[in-house]
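Structure at a glance
Residues per chain, in single letters:
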Amino acid sequence: MGLVYKILDGVSRAYNKLLLMPSLRRSFAACGENVTLGRRSEISGVGNIYMGHDVYLGPEATLLTTRAKIRIGNYVMTGPRLTIITGDHRTDILDRPMMELTDEDKLPDNDQDVVVGDDVWMGSGVTILKGVHVSDHCVIAAGAVVTKDVEPEYSIWGGVPARCLASRLKG
């Protein structure tokens, strides 16, 4: 059984590296050098996604956008299961089920850009919601749900909802 797993794993890795990643890089609005997305990632709205240089998004990353932009800076790395979502649904239309509402029904506030600065590290299972800006050199702890801007630079955030826990600066 170990040999079969190794063969299937190798095929999956080769597919991701040789076919999927090159086509994704060409589809992004912008994509720097040395960008890697882990296996089993889900990407929606590739034309609104901008990637810097030296970006590693771990396995099972989910990037979902329709109108808004996702901008990821340089030297960004994440653990598995990062989720970035730039929009939400209207909850004020009561005469139709929310499931029936379309992108055309959304208000401008329902979709907002997400910006991740340079030199950011996000742990496993981090979720970043619409309108968030993550400042340069920040760390976001595993499992955090980020609902507001992560600032100042060099800060460490964690929790649900995420809050500033410490600074990376000494002193």
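Given the structure is predicted, the values throughout are model-derived calculations rather than measurements. (Residues numbered from 1 in each chain as written. Predicted model: local features only at pLDDT ≥ 70, side-chain atom pairs only at ≥ 80, totals over all residues. Heavy atoms only, no water.)

It is worth spelling out the sheet that holds strand E5 (residues 55–57) at this point. What the seven strands build is an open sheet, ordered E2-E5-E8-E11-E14-E16-E17; its pairing is mixed. Here the strands that pair on one side only, and so sit at the sheet edges, are strand E2 (35–37) and strand E17 (163–167). Pairing analysis gives two bridges linking E5 to strand E8 (residues 76–78), with the strands arranged parallel. Bridging across to E8, Tyr56 finds its partner in Met77. (Pairing = 2+ DSSP bridges. Helix = DSSP H or I, 4+ residues; strand = E, 2+ residues; numbered from the N terminus.)

Together, Leu3, Ile7 and Val11 make up a nonpolar patch on the protein surface, roughly 310 Å² of accessible area in all. Position of Leu3 relative to the elements: it lies in helix H1 (residues 2–27). Residue classification places Leu3 among the exposed residues on the basis of a relative accessible area of 60%. (Patch = residues over 30% accessible without salt bridge, like charges linked within 9 Å, V, L, I, M, F, W, Y side chains within 5 Å. Areas by Shrake-Rupley, 256 points an atom, 1.4 Å probe, with all protein chains shown as cover. Salt bridge = Lys/Arg side-chain N within 4 Å of Asp/Glu carboxyl O. Buried < 20%, exposed > 50% of the residue type's maximum accessible area, 1.4 Å probe, protein only.)

Opposite charge on two side chains lets them pair, provided their charged atoms get close. Inspection of every chain in the model, using the stated rule, returns eight salt bridges. Residue Asp92 pairs with Arg90 through a salt bridge whose shortest N-O separation is 3.0 Å. Among the ionic contacts, a cluster of salt bridges with common partners joins Arg67, Asp103, Lys106 and Asp111.

Another aspect to go through is the sheet that holds strand E1 (residues 30–31). Read across the open sheet, the five strands follow the order E1-E4-E7-E10-E13; overall the sheet is parallel. Every interior strand has two partners, whereas the edge strands, E1 and strand E13 (133–134), have only one. Two elements, strand E4 (residues 49–51) and strand E7 (residues 70–72), share three bridges in a ladder whose sense is parallel. From the neighbouring strand, Ile49 faces E7, where its bridge partner is Ile70.

Turning next to the nonpolar core. Formed by 31 residues in total, the largest nonpolar core has its most connected members in Met51 and Ile128. Counting only elements with at least two residues in this core, the list comes to H1, E2, E4, E5, E7 and strand E10 (114–116). Residue contacts for Ile128: discarding those within four places in its chain leaves Thr83, Ile84, Ile85, Val114, Val116, Met122, Val134, Ile140 and Val146. (Core = buried A, V, L, I, M, F, W, Y, C linked by side-chain atoms within 4.5 Å. Contact = heavy atoms within 4.5 Å.)

You can see Asp92 is positioned in the loop between strand E9 (83–85) and E10. When its relative accessible area of 48% is taken as the criterion, Asp92 is described as partly exposed. At a separation of 3.0 Å, a polar atom in the side chain of Asp92 contacts the side chain of Arg90. (Polar contact = N/O pair within 3.5 Å; in protein donor to acceptor, adjacent residues only side chain to side chain.)

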